[in-house]
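# Examining the three-dimensional arrangement
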Amino acid sequence: MGSLPNETYSLEKHRQQLDLEDSGRTERAQWLINSPEPPRLWQELVSAVRGSVFPDGRKNSSSTKGRRTMSFLKGIFPILSWGRTYKASKFKDDLMAGLTLASLSIPQSIGYANLAKLDPQYGLYTSVVPPLIYALMGSSREIAIGPVAVVSMLLSSLVPNMVDPAADPIGYRRLVFTVTFFAGTFQAIFGLFRLGFLVDFLSHAAIVGFMAGAAIVIGLQQLKGLFGMSHFTTKTDVVSVLGSVLKSVQHEWYPLNFILGCSFLVFLLVARYIGRRNKKLFWFPAIAPLLSVILSTLIVYLTKADKHGVKIVQHIKGGLNPSSLHQLQFKGPHVAEAAKIGLISAVVALTEAIAVGRSFASVKGYHLDGNKEMMAMGFMNLAGSLTSCYVATGSFSRSAVNFSAGCQTVVSNIVMAITVLLALELFTRLLYYTPIAILASIILSALPGLIDINEAYYIWKVDKLDFLACIGAFVGVLFASVEIGLLVAVTISFAKILLNSIRPAVELLGRLPRTDIFCEVDQYPMAIKTPGILTLRVNSGLLCFANANFLRERIMRCLTEEENETEETAKNRILVLIIDMSNVMNIDTSGIVALEELHYKLVSLGIKLAMVNLRWQVIHKLKLAKFVEKVGAEWIFLSVGDAVDACLASKLASTSNC
C-alpha cells in the first residue's frame, strides 16, 4: 500500500512530461503556420538587382550617402576594391604575364578573325577594348579575354546564312557587330537579374561534346588555309567539308602552303609538348605562335614564296579601334535573326568564360560571382560592338598561359591590350607577308585542348543520360550544324530535367534505430517503420501541373501497397499518412488541387493526413487556399519526428486518432 503514492506521483510526472512535449510540438508547429508572408515577385527582382550592384547585398540605412555610392560603384567595378591594395611587386608579375599573353594573343587573334570570316584587324581590335572593360568590371584574376575559336566558328556558320561575306563583306561585318551588341545585351541582362540558371541548360556534358565536335569542324575548315584553296564550302558539317576538300584538291592546291603550314604545326605541337613536360618552360609554347608568324613571314618575304602560290594575309589595317556605332543594324529583315544568333553566342561565350574562370578560381581558392561575371562580359561586348569588335570571351588556352606566367590580377589583361594596341599602331605593315597556312596551323595547334576524351569517358561511367547529351551535341555539330548541335544538347538536357520533374520519386521513411532521424527505407534497410503510420517523402522541388497527378497516384499506390503488406487489424491498419514536404520549394494551383483530392480520398478511408516541414512559399499558398483549415492546424508539423511522436502520444491515442 505504501507504494501507491509513489506510483501516482510517477504517473503524474510522466503525464506532465507528455504535456510539456505536446506543448513544445504545438509551439513549433505554430512557428511554421504563422511564418510571415514571403517576398513577392517584384521584391525578388529588386533584391536580385540590388544584390548584383551592392557587394553586401543590401543597403545600410545608417550608412551615409557617400558610402552607399561607393558600395554601388564597388559592386559594378571590383577594381575599386582590390586596386587600393595593389603593389608594385604584383605589377611585375602582371607585366610579365601580360607580355607573354600578348605574344600568344596577337597571332591567335588574327587566326580567329580569319576563322570568323573577318579581316585580320578585327581580331586584334577584339583583343584591345573587351579586355580593358573586363579589367574594370570582372572579378576573375586569371581569365584572358579576347576572341576564341568556338565563338568565331559559331559566327562564321550562322551569320553567312543571312549575308554572304564574300559577296557583301561590309554587310556581313555590320551584322557581326549587331550580333555582338545583342550578345552583350543578353549577357548584361542575365547578370543584372541573376538569370545565370539559363546558361546552365547547356550542361557540362553538353559542353564537352559540343567543344569536341566544334574542334573537329574547326580543324577541318583549316584545311582550306593549309592547302591554299580559294574555293571552299560555307557549310560546317563534316560531310560537306570533306567533300569540298576532296573536290578542291583535285583542281587547286599548292604544295608549298601545305609544307609550310605542316612544318610550323609540328613545331607548335612540339613546343606544346615541351611546355607540358617542363612547367618551367611554360613561356615556350606561349611565344611559339608569335615566333612562327615572324619566321614564316621572313621566309615568304625572302624567298618571294607568294609568287609561287603561297597565300598571304596582305594588308592589315592598323591604328586604334574605329567606331562602329553607325554600322549597327536595328532595322531590316535580319534583326530578329541577328538577335537569335546573339542569344546563342551569349550563352556559349558565357558558358566557356564562367567555366574557365571558376576552374582557376578554385585552384587559387577564391569565389567567383557568376552573375557579376555575366554583367562584366555583357558590358565589354556592348562596348566592343561600338568599337569594331566581335564577340569576346574567356579563352582557356590563353588563361592557362596567363596562370602559368604568374599573373596576380586582371592587370595582365590591361598589359596585353596595350601591347596589342601598340602592335596595331606600329607593326601591322610587317605582317603583310604572313602566310595564311601559318594562321591555320596556329588554330590547329590550339584545338587538342578542346577535345577531352577522359572527361567524356568519366561522364559515360557516372551518368548515361549525361553521356547521351554529350554524344548528341558532338554528333549534331559534326554532322549537321553548330545550331543543330546546340539544340540537340539543350533538348536532351531539358528532357532529363523534365523526366525528373514529371516523375519524381516518393520515398518510404523509417526511423533509424536509437535516433530521431527518419531516412529512406530502401537506402537504409535497418530503418524501422512505425505501426499504423505511413511516412512518405516527396522528392521534387516543385509540386505543379506537370507532376501533381502523378504524385497523388503514386502516394495512393504506396498506401495501397503498405496496407496489402500488413494484416487488416486495428493494430496494423494505416491510420495516419505523414507527408514530408521538405524538398518541395513551391507549389501551384494544380498541386493544391491534387492535395485536396488526396485529402478527400483519405478522409473517405478514415485516414488522417499530416503535413511536415512545409516551405515558405508552400505554407503561404496553402493558407491562402484554406487547405490548412481543411486538414487542421494541429496536423501541420515542423519535423517528421514531431509528427510521429504526436501520433504516438497518449492524448492522440486516447482519442483514437492514431
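Everything below is about the structure printed above this text.
Procedures and definitions
- Residues numbered from 1 in each chain as written.
- Predicted model: local features only at pLDDT ≥ 70, side-chain atom pairs only at ≥ 80, totals over all residues.
- Heavy atoms only, no water.
- Buried < 20%, exposed > 50% of the residue type's maximum accessible area, 1.4 Å probe, protein only.
- Helix = DSSP H or I, 4+ residues; strand = E, 2+ residues; numbered from the N terminus.
- Pairing = 2+ DSSP bridges.
- Axes fitted to C-alpha atoms, helices over the stretch in contact; angles between N-to-C directions.
- Parallel < 35°, antiparallel > 145°, perpendicular 65-115°, else oblique.
- Left-handed = near helix turned anticlockwise from the far one by under 90°.
- Contact = heavy atoms within 4.5 Å.
- Nonpolar A, V, L, I, M, F, W, Y, C, P; charged D, E, K, R; others polar.
- Patch = residues over 30% accessible without salt bridge, like charges linked within 9 Å, V, L, I, M, F, W, Y side chains within 5 Å.
- Areas by Shrake-Rupley, 256 points an atom, 1.4 Å probe, with all protein chains shown as cover.
- Salt bridge = Lys/Arg side-chain N within 4 Å of Asp/Glu carboxyl O.
- 1 Å grid on protein atoms, 1.4 Å probe; cavity = no way out; pocket = protein on both sides within 12 Å on 5 of 7 lines; lining within 4 Å.
- Points joined across faces, edges and corners; volume = space filled by probe spheres on them.
- Core = buried A, V, L, I, M, F, W, Y, C linked by side-chain atoms within 4.5 Å.

Looking now at the pairing of strand 5 (residues 533-539). In regular strands, side chains alternate between the two faces of the sheet. Burial of strand 5 is extensive: six of the seven residues sit out of reach of the surface. Bridging between strand 3 (residues 505-511) and strand 5 involves four bridges; their strand directions are antiparallel. Directly across from L508, in strand 5, lies its bridge partner L536. Bridging between strand 5 and strand 7 (residues 576-580) involves five bridges; their strand directions are parallel. Across the sheet, residue I533 finds its bridge partner in strand 7, namely V576.

Turning next to the packing of helix 15 (residues 335-364) against helix 17 (residues 396-404). Relative orientation and spacing of two packed helices are given, respectively, by the angle between their axes and the distance between those axes. Taken N-terminus to C-terminus, the directions of helix 15 and helix 17 make an angle of 20 degrees; their axes are 10 Å apart at the nearest point. Taken together, the axes of helix 15 and helix 17 are roughly parallel relative to one another. Relative to helix 17, helix 15 is oriented so that their crossing is right-handed. Across the interface between the two elements, E352, V356, S359, F360, V363 and K364 of helix 15 pack against F396, S399, A400 and F403 of helix 17. Among the residues making up the contact of helix 15 with helix 17, the classes are represented as six nonpolar, two polar and two charged.

On the surface, L291, I294, L295, L298, Y301 and L302 cluster together into a nonpolar patch covering about 580 Å² of accessible area. Structurally, L302 is set in helix 14 (residues 283-303).

The next thing to look at is the layout of surface pockets. Of the pockets and cavities examined, the largest pocket occupies roughly 1,500 Å³. By residue number, the principal contributor to the lining of the largest pocket is helix 15, which donates seven residues. For the second largest pocket, the calculated volume is near 1,100 Å³. Residue lining of the second largest pocket: 34 residues in total, with N114, K117, L118, K224 and S230 positioned closest to the centre. When residues of the lining of the second largest pocket are traced back to their parent elements, those giving at least two are helix 5 (88-115), helix 6 (120-126), helix 9 (169-192), helix 11 (223-227) and helix 19 (436-446).

Right, let's get into the pattern of salt bridges. Evaluation of the coordinates by the stated rule reveals 13 salt bridges. Between D466 and K496 there is a salt bridge whose closest N-O contact spans 3.0 Å. Residue D466 is located in helix 21 (residues 464-479), and its partner K496 is located in helix 22 (residues 482-502); the two are separated by 30 residues in the primary sequence. Taking relative accessible area as the criterion, D466 reaches 23% and is therefore assigned partly exposed. The closest approach of N and O atoms between R511 and D516, which form a salt bridge, is 3.0 Å. Salt bridges sharing partners connect three or more residues here, namely E337, K340 and E483.

Moving on to the nonpolar core. Among the nonpolar cores identified, the biggest contains 117 residues, and Y134, L155, V159, F210, M377 and L486 are the most heavily contacted of them. At 14 residues, helix 15 tops the list of elements feeding residues into this core. L486 has contacts with L154, L202, F210, I344 and V348, leaving out every residue within four places of it along the chain. In terms of nonpolar packing, the next biggest core, distinct from the first, is built from 50 residues, L559, I578, F627 and V631 among them.

Following the sequence through the fold, V300 ends up in helix 14. For V300, a relative accessible area of 1% gives the class buried. Separated by eleven residues in the primary sequence, V300 and K311 place their C-alpha atoms 9.8 Å from one another. With sequence-adjacent residues up to four places away left out, V300 is seen in contact with L260, A305, D306, V310, I312, Y433 and P435.

Here six strands make up an open sheet; going across it, the order is 4-3-5-7-9-10 and the pairing mixed. The open sheet has two edge strands, strand 4 (518-520) and strand 10 (636-637), and neither has a second partner. By the bridge criterion, three bridges tie strand 3 to strand 4 in an arrangement that is antiparallel. Residue pairing for strand 4: L509 is matched across the bridge by E520. This element, helix 27 (residues 640-648), spans strand 3, strand 4, strand 5, strand 7, strand 9 (608-612) and strand 10 of the sheet and lies at about 165 degrees to strand 5.

Nothing here speaks to function; it is all geometry.
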